[in-house]
Amino acid sequence: LSRCRGVGFGLAALAFFAVGWPLLGLLVLTTEVPRQDTIRLWQDRLATMAEERRAGIDRWLSDMVSEANALAAFPSVTAFCRQAKAEADRGSYDLAHLQQVLNGSRAISQALAIGVLPSTGPPLVAAVPGQTLTESELADARRCRDAGSCDIEIRALPGESPALSVVAPVTAPEGTIGAVVL
């Protein structure tokens, strides 16, 4: 009787090795192909998402540069910079209108601060409460104004969120007369 149990166990083990192992191997092989397909699908999906994000950032940067260039070409901005270059007294210029233009542009572009930096004199700034243009942003605006070219700067100061500033020169027939910084 005990010999029969041993034979039954041996037959069960033999059946498992004869049938079970090949089935287990087939199961592993058939699940490996879908796993590789799944990995490939996720890689494609993540690559597409990264490309969409890159394209979105490119569009956003292009919009910011366009906004800065449009603001720099705005007649009120040009007149402000031209008058600041011509005379130290800005009293005769309608600063309220230019301030409205800057506040509207700041609201549309969702910038924390927008400034117009003429060749001479202090900048005119529109900002959300508690914000202003930093000294490094004003230095970027001066550098852009002096070079007469557009500039994009990204800064990451310790303890602060990264910041992006877009600077465009304010030009007139006589040359560069100021800069706009977003």
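So, here is what we can say about the structure in this document. Please read these numbers as outputs of a predicted model, since none were measured by experiment. Here the residue index of a chain counts from 1 through its sequence in written order. Under the rules for a predicted model, residues below a pLDDT of 70 receive no local features and side-chain atom pairs below 80 are neither given nor counted, while totals for whole chains, interfaces and linings still include all residues. The side-chain numbers reported here are obtained from all heavy atoms of the structure, hydrogens and water having been left aside.

1. A look at helix 4 (residues 135-147)
Each helix corresponds to a stretch of at least 4 residues labelled H or I by DSSP, and each strand to a stretch of at least 2 residues labelled E; elements are numbered beginning at the N terminus. The span you would expect from a helix comes to 1.5 Å times its residue count less one. Look at helix 4: 18 Å from first C-alpha to last across 13 residues, which is about the 18 Å you get at 1.5 Å a residue. Throughout this description, buried means an accessible area under 20% of the type-specific maximum (1.4 Å probe, protein chains only), exposed means over 50%, and partly exposed covers the range between. Within the span of helix 4, buried status applies to Glu 137, Leu 138, Asp 140, Ala 141, Cys 144 and Arg 145. Buried positions in helix 4, seen along its axis, are confined to an arc of 155 degrees and lie on one side of it. The outward face of helix 4, more than 90 degrees from its buried face, is lined by the exposed residues Glu 135, Asp 146 and Ala 147. Lining the buried residues of helix 4 we find strand 1 (113-118), strand 3 (151-155), strand 4 (163-172) and strand 5 (175-181). Positive phi shows up at Gly 148, right after helix 4, with a value of about 75 degrees. Summarising the geometry, the arc corresponds to the directions from the helix axis toward the C-beta atoms. The contact criterion used is simple: two residues touch if any of their non-hydrogen atoms lie within 4.5 Å.

2. Some details on the sheet that holds strand 2 (residues 124-127)
The strands that make up a sheet are held in pairs by hydrogen bonds between backbone atoms, and each pair lies either parallel or antiparallel. Only strands that DSSP links by at least two bridges are regarded as paired with each other. Spatially, five strands are ordered 2-1-5-4-3 in an open sheet, and the strand pairing comes out antiparallel. Strands at the two margins of the open sheet, each flanked by one partner only, are strand 2 and strand 3. The average angle at which neighbouring strand axes cross in this sheet is 15 degrees, direction not considered. Only the stretch in contact is used when fitting a helix axis, every axis being a line fitted to C-alpha atoms; angles between N-to-C directions are given from 0 to 180 degrees. Of the strands in this sheet, strand 1 and strand 2 touch helix 3 (residues 95-109), which is tilted by about 40 degrees from strand 2. Across the face of the sheet, helix 4 comes into contact with strand 1, strand 3, strand 4 and strand 5 while running at roughly 35 degrees to strand 4.

3. Quick look at the packing of aromatic side chains
Stacked, edge-to-face and tilted labels apply to pairs of Phe, Tyr and Trp rings (six-membered ring for Trp) whose centres lie within 6.5 Å, assigned for plane angles under 30 degrees, over 60, and everything in between, in that order. Counted under the stated rule, the structure contains zero aromatic pairs. Whether a charge sits over a ring depends on NZ of Lys or CZ of Arg being within 6 Å of the ring centre and within 35 degrees of the ring normal. Here the guanidinium or amino end of Arg 45 rests over the ring plane of Trp 42, the centre of that ring lying 4.9 Å away.

4. Regarding the state of the cysteines
Whenever a pair of cysteine sulfur atoms sits within 2.5 Å, that pair is classed as a disulfide. Applying the stated rule across the entire model yields zero disulfides. No disulfide involves Cys 144; its sulfur sits 6.0 Å from that of Cys 150, the nearest cysteine. Look at Cys 144 and you get buried, because its relative accessible area is 3%.

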